[in-house]
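Architecture and fold: a report
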Amino acid sequence: MADEVGFAVVGLGMGKHHCRSIISGKGAKLIAICDLDEERLSKGKEDYNCRTYVSFDEMLNDPEIACVNIAVPSGMHSDMGIQAIEAGKHIIVEKPADIKPEKIDLLREAGEKKGVKIGCIFQARLDPLNIAGRDAIQGGRRGRLIGIRGHLPW
Ligand SMILES: NC(=O)c1ccc[n+]([C@@H]2O[C@H](COP(=O)([O-])OP(=O)(O)OC[C@H]3O[C@@H](n4cnc5c(N)ncnc54)[C@H](O)[C@@H]3O)[C@@H](O)[C@H]2O)c1
């Protein structure tokens with residue numbers, strides 16, 4: 001593997017956090033950003049000094065990009081993910097991977113077929129509170145689960 005993995009980020013809402021993580025990450029280099037919104041794109045260019053693309057298709061032709069982070073609106077992740085996989089890229093998708101489970105299966109299958117890596121953002125999955133909640137459910141301490149009402153006091 002190359003010393004540095006070339007990343008690109010599509011979708012510059014939540015995608016800005018991806019850009020910052022890539023820039024601060026060891027062994028990672030932000031090669032390009034992509035967004036339909038020209039304002040977000042030019043602000044991104046100012047902040048990250050990398051290549052910019054309005055067209056996702058064009059960005060996928062960039063040979064320096066090994067991994068594409070997909071942070072467009074929910075429901076678009078697996079379609080764009082499959083497109084990136086078919087272009088030979090590894091991908092990281094924002095959650096939810098898709099809004100239809102069958103499309104998540106297609107995404108996974110495309111990655112397996114092409115031999116690339118797929119990651120989905122679940123940044124709170126190792127939070128001790130979430131693990132305790134999962135253990136309580138899986139251990140049956142809450143009985144048979146039929147629904148959840150939750151509050152997230154961020
Ligand atoms: N991990 C988390 O905690 C977390 C938090 C918030 C949002 N999200 C997820 O992040 C994703 C994005 O949410 P958001 O709030 O940043 O949305 P957003 O609408 O602010 O940003 C999405 C961006 O994608 C761009 N876009 C849309 N279609 C495009 C295309 N074809 N090509 C290029 N750019 C395109 C839009 O112009 C927009 O700038 C959602 O799936 C959401 O669920 C995750």
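Right above here is the structure, for reference.
Let us look at the structure shown here.

The rules behind the values
- Residues numbered from 1 in each chain as written.
- Predicted model: local features only at pLDDT ≥ 70, side-chain atom pairs only at ≥ 80, totals over all residues.
- Heavy atoms only, no water.
- Helix = DSSP H or I, 4+ residues; strand = E, 2+ residues; numbered from the N terminus.
- Contact = heavy atoms within 4.5 Å.
- Polar contact = N/O pair within 3.5 Å; in protein donor to acceptor, adjacent residues only side chain to side chain.
- Pairing = 2+ DSSP bridges.
- Axes fitted to C-alpha atoms, helices over the stretch in contact; angles between N-to-C directions.

Side note on the environment of D98
Along the chain, D98 falls in the loop between β5 (90-93) and α5 (101-114). Residues D98 and S78, spaced 20 residues apart in sequence, show a C-alpha to C-alpha distance of 5.9 Å. Aside from chain neighbours lying at most four places away, what touches D98 is G75, H77, S78, K103 and I104. Engagement of the side chain of D98 in a polar contact is seen with the backbone nitrogen of K100, the distance being 3.2 Å.

Some points on the side chain of N69
Within the secondary structure, N69 sits in strand β4 (residues 67-70). Setting aside residues no more than four positions away along its own chain, N69 makes contact with F7, A8, V9, V10, H18, I22 and I92.

Focus on unusual backbone geometry
The omega torsion across K95 and P96 is -5°, close enough to zero to call that bond cis. Assignment of secondary structure puts P96 in the loop between β5 and α5. Not every positive phi belongs to a glycine, and N49 is a case in point at roughly 50°.

Things to note about the sheet that holds strand β3 (residues 51-53)
What the 6 strands build is an open sheet, ordered β3-β2-β1-β4-β5-β6; its pairing is parallel. The outermost strands of the open sheet, each flanked by one partner alone, are β3 and β6 (118-120). The mean inter-strand angle of the sheet, taken between neighbouring strand axes irrespective of direction, is 25°. With 4 bridges joining them, strand β1 (residues 5-10) and β4 adopt parallel strand pairing. Its bridge partner lying in β4, V10 is registered against I70. Contacts from helix α1 (residues 15-24) reach β1, β2 (28-34), β4 and β5, with the element oriented near 155° to β2.

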